[in-house]
Each structure stands twice: as C-alpha cells, then as structure tokens.
Amino acid sequence: MYSEKVMDHFMHPRNVGEIENASGVGTVGNAKCGDIMRMYLQVEDDVITDVKFKTFGCGAAIATSSMATEMVKGKTIEEALQLTNKAVAEALDGLPPVKMHCSLLAEQALKEALEDYFTKNNLPLPEGFSKPDVNHDEEEEEA
Amino acid sequence: MKRIYLDNAATCGLLPEVVEAMGPVLAGAPMNPSSVHGFGREARALLDEARLKVAKALGARKEEIFFTSGGSEADNWAIKGLAHLKGKGHIITTKIEHHAVLHACQALEKEGFSVSYLPVDEDGLVTAEQVEEAIREDTILVTVMAANNEIGTLEPIEEIGTVCKKHQLPFHTDAVQAVGHVAIDVHAMNIDMLSLSGHKLGAPQGVGALYVRNGLRLQNLIDGGAQERGKRAGTENMLGIVGLGRAIELATENMERNNAYETALRDRLIQGILREIPDARLNGHPTRRLPGNVNVCIRYIEGESLLLLLDMAGIAASSGSACTSGSLDPSHVLLAIGLPHEIAHGSLRLTLNHLNTQEEIDRTIAELKPIVERLREMSPLFNQEKGGCQLV
C-alpha cells in the first residue's frame, strides 16, 4: 500500500518535535477527520535554519510531514514557498490516491507557518501567496 | 521473529482438521452432486453430511440449511429475498450491523422500502423493547446481528426472537461472528433466518450458509439450476462446503473449552492494555462480548499508524473492521456507541482464537506500550491536552 520511502519516513520520521519561540508556527487539519499537523519554523536571514513537526494521523500524514520538513530545511523563504504537495508526494515515490490529502496538509501546514512568520515580522505576504484548500469532507482523488 | 496473529475476526487460517477433511475433495475426483452417476452420488453424500453438520450446530433441520458463497450473500439473500417477495414494507435493524446488512437495507430504501436503524447504548446493546416499539403495521422483517464484528457485543437475540414471534414477524440474525463461539439454537431462540460464514471458523473463504425456517419463503437471489432445492443455483462449492461442515462441527464440539480459554486470554489482554496504557478505553460490553474480541480506543493517536507499527513488531491487528479500512471515516459502530470522531480514529481491534497463547498476549501488551508512547510523542494532541487545552 505504501512505498518504501513512505515507510522509511513513517518509521524514522525526521525533525519530530517543537521549536520554542519559533519564527513561525502553522497548525492544520482537525482531530475529527483523523489528522492534525503542526509545523514550527526557525528563520534567520531569510533562511529556514530549523524546522520541526508534530502530527496526529495515519502513516502517510506522518511521512508527508517528515518529508516536507526535510525539503525546506536550509532553504530560503522564497524557495520554501515553491514547495507543492505534489513535490512532497513525488519525493515519497507516490501516495495512494485516498492519502493525497495528507500531502496537501503538509503543504498547508508549511504555508500556515510561513504566513505566521510574515505576520509576526510585519512583512507583507509575497505576491501570489496562496494556501491549498483542504476540504476534509470530501476525499481528494488527485491533487 | 514469530508473528502474532490477532485478527481472527477478519479471517482465521484454515484449521488442520479442516484441511484434512477437505483432502478427499482435493484428491481430484469430479464432484457434482447433481450427477446421477457414482461420482455424483459420492459428492451428494459429502454434501448431505456437511449440511447435517451445519444443521446440528444450529439446532436446525437439514432441509433448513442452504449453502451460499459466504456471509454477505446469506445476509443479502435473507433481507432482499424476503423484501422482494413482500414487495413493500418496513424493516427494523440496528445502526451497528455489518455493511452486508446495512448496505442491503440501504439498497431496499432506494427501492421504496422503509428501514428503521435502531440506536444502541454505550456498550453497543440494543433491547427487545426497542425492537417492539419500532414495529409498525407494515413491518415485514427484523434483522439484528448476534454479535458485533467490531466491538464484540452480544445482542439479546433470544429476547428479540420472542418479540418477533409474538408479533409474527420474521427474524433474521447475522451470526457470522457468533456461530461457533456462542451457543445458538435457532428453534429455541425463535430465529427464522441466520447467516453464517465459513472462514471465520477455520474453513476456506467463499462458503457460508443461510438457515431458513421451514415454511418461510424467500425470493431467489441467484436463479439457475435446481441446486439447494431450487433456491440457490450454481454447482456446489464442494471444497468449501466440506470444510465448513468440519469447521462448524469442531467449533461446536470444542465451544465450551475454547470459550473458557479465549475469555481468560481476552480479559488478560484487556486488563493489560488498560493497566499499561493511560487514556485507553474498552469498547463494547465488558462481559457480554465475544470470547475472542478486544476493542480499545487509545487517545491522541490514530489507528492506522498504530497498526503499521504493530505490524513491524510482528503483531497483526485491525482498526475497525477490515471492510472499513478503505474509507477515511471512522467506524460507524464506534460512532453509534457515542464516541467522538477523534477518539474513534484511535481504535484498535485485537481478535484472538484458541490457537493464541498467553505468551503472545503478554508480548502484545509489552510491544504496544512503547509504540503508543512513540506515537503520542509525535502527536500535537497529547501535550496540548496535558497542557490543559481541550480537544476540538
């Protein structure tokens, strides 16, 4: 059902934890639907120097959180803004169709954390900034 | 690493005695019981013998047993077969039935039948009084499961049978999980139809049976040849039927001993989990439950990730029923007993049988504890709640 990469990130998740006084924090999902992701960013000089997550959810939710944190660690804000759920899913060698919404959650959590960072620092949102809309009432066939 | 199988309610392996009994069928002789020749007569004898064994296990007569492709077909046949013969009317069932019953009822609703889905209490019990209160002038059928496949609660089918008899209503019970584990006497319990499945008893998949009380008529679900007294067409699944006959005979013979053994293991597992894991709760009735069923909710973690880690530790379990796992919604049974979604997502079902050992149970408890701790460490809900915040 899951690729080896998904299982690897599920069994050995990278960057689990919290960051005290983080530059930005984003929480998405809800327990009712079975998954919540919270992402913490540490930003220094426009670079994401550290990133941590906590996730309540299925194997795919944990693996996508882990992969997304790996993909943005050490990147500039501008680079991090380019991350898409599709890239996260591809980096994990794909996800089962019913689990694609987990990758959307990961993208959304990152964007929420970035938005939090912009707000805290009185920075304007970058042009074209958008967060994916995760509709929990409908299964995401593709994203 | 020796693996531990605790998913016997999904299916259990073939029992060695069943494999042995199926030997003559696997030997390769042509076996069509409808044939007049010697080969056919030999097959007919095996078929009759298996039917007698099933009848005996249920307190039924031989001619009241019809072999099917499994429990789902038996449920569909009982419910749709009766409804289609009546043409219209009202059906009474519960919210916690297996999907084979629920979806058959929903299909009938689309055809114009009306259905009452009775709620259950926090232990998953429905009462005979609830059934009686739901009876209407146009009620044509009552269908209530004997034992719930997810939480193991045993429903009061004898009392419901009495109510149905009083109101002269046909009573069907899906006894797929109960047969072989709970003593059933269809005549004494006023059961008019009963569904059972082979692979929950140690027989192969693809075979089951429907008991239909003498005199109760059903419309056929499968038309064709004259097999099963013209009521269920298709050349008989001889391998499955012979296996089912032996499996149900074994289960009946050993029921008392197996139940005592499984109940002790079950309670050891329940107590171990509740002792070792904080914020865990037992689902289903504490004592009025299947001897092999354990179902718990473990707060702040999600069921699938728990199953994956247990599997890595060599322990096979399930979360909700296997039929539910393709969906993202939590189990309808757990919601029906009043659990909020977020807790229902953290359910774990461990179902054992007489082949499991105490050592396996103890290892399961020991493996479960660090797995839960690991997932809780990762969960944003865990610390949040400990910090005084409430769940959404």
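Located above this text is the structure these notes cover.
Residues numbered from 1 in each chain as written. Chains lettered and ligands numbered in written order. Predicted model: local features only at pLDDT ≥ 70, side-chain atom pairs only at ≥ 80, totals over all residues. Heavy atoms only, no water.

Student: Give me the lowdown on the pattern of salt bridges, citing residues and values where you can.
Tutor: Residues and elements named next belong to chain B. Inspection of every chain in the model, using the stated rule, returns 27 salt bridges over all chains. We note a salt bridge from Glu228 to Arg51, for which the minimum N-O separation is 2.8 Å. Separated by 177 residues along the polypeptide, Glu228 in helix α7 (residues 227–230) and Arg51 in helix α2 (residues 38–58) bring together distant segments of the chain. For the pair shown, Glu228 and Arg51 are each scored as buried. Arg363 serves as the salt-bridge partner of Glu367, at 4.0 Å between the closest nitrogen and oxygen. Residue Glu367 and its partner Arg363 are both found in helix α13 (residues 358–378); the two are separated by 4 residues, about one turn of the helix. Classification of Arg363 by relative accessible area gives partly exposed; the value is 26%. Several salt bridges converge on common partners, so that one network encompasses Glu49, Lys53, Arg246 and Glu249. (Salt bridge = Lys/Arg side-chain N within 4 Å of Asp/Glu carboxyl O. Helix = DSSP H or I, 4+ residues; strand = E, 2+ residues; numbered from the N terminus. Buried < 20%, exposed > 50% of the residue type's maximum accessible area, 1.4 Å probe, protein only.)

Student: An account of the interface of chain B and chain A is needed here, citing residue identities and associated values.
Tutor: In this complex, chain B contributes 21 residues to the contact, which on the side of chain A involves 27 residues. Between chain B and chain A, roughly 2100 Å² of surface is buried when both sides are summed, and carbon and sulfur atoms account for 68% of that area. Between chain B and chain A we count 1 salt bridge in total. When the shortest N-O distance is used, the salt bridge between A:Lys99 and B:Glu304 registers 2.9 Å. Taken together, chain B and chain A are joined by 9 residue pairs in polar contact (both at pLDDT 80 or more). Of all the secondary structure elements, the ones that give two or more residues to the side of chain B that touches chain A are α10 (303–312), α12 (341–344), α13 and α14 (380–386) of chain B. It is α10(B) that contributes the most residues to the side of chain B that touches chain A, 5 residues altogether. Looking at side-chain class alone, the side of chain B that touches chain A contains 10 nonpolar, 6 polar and 5 charged residues. (Contact = heavy atoms within 4.5 Å. Buried area = accessible area lost by both parts, 1.4 Å probe. Polar contact = N/O pair within 3.5 Å; in protein donor to acceptor, adjacent residues only side chain to side chain. Nonpolar A, V, L, I, M, F, W, Y, C, P; charged D, E, K, R; others polar.)

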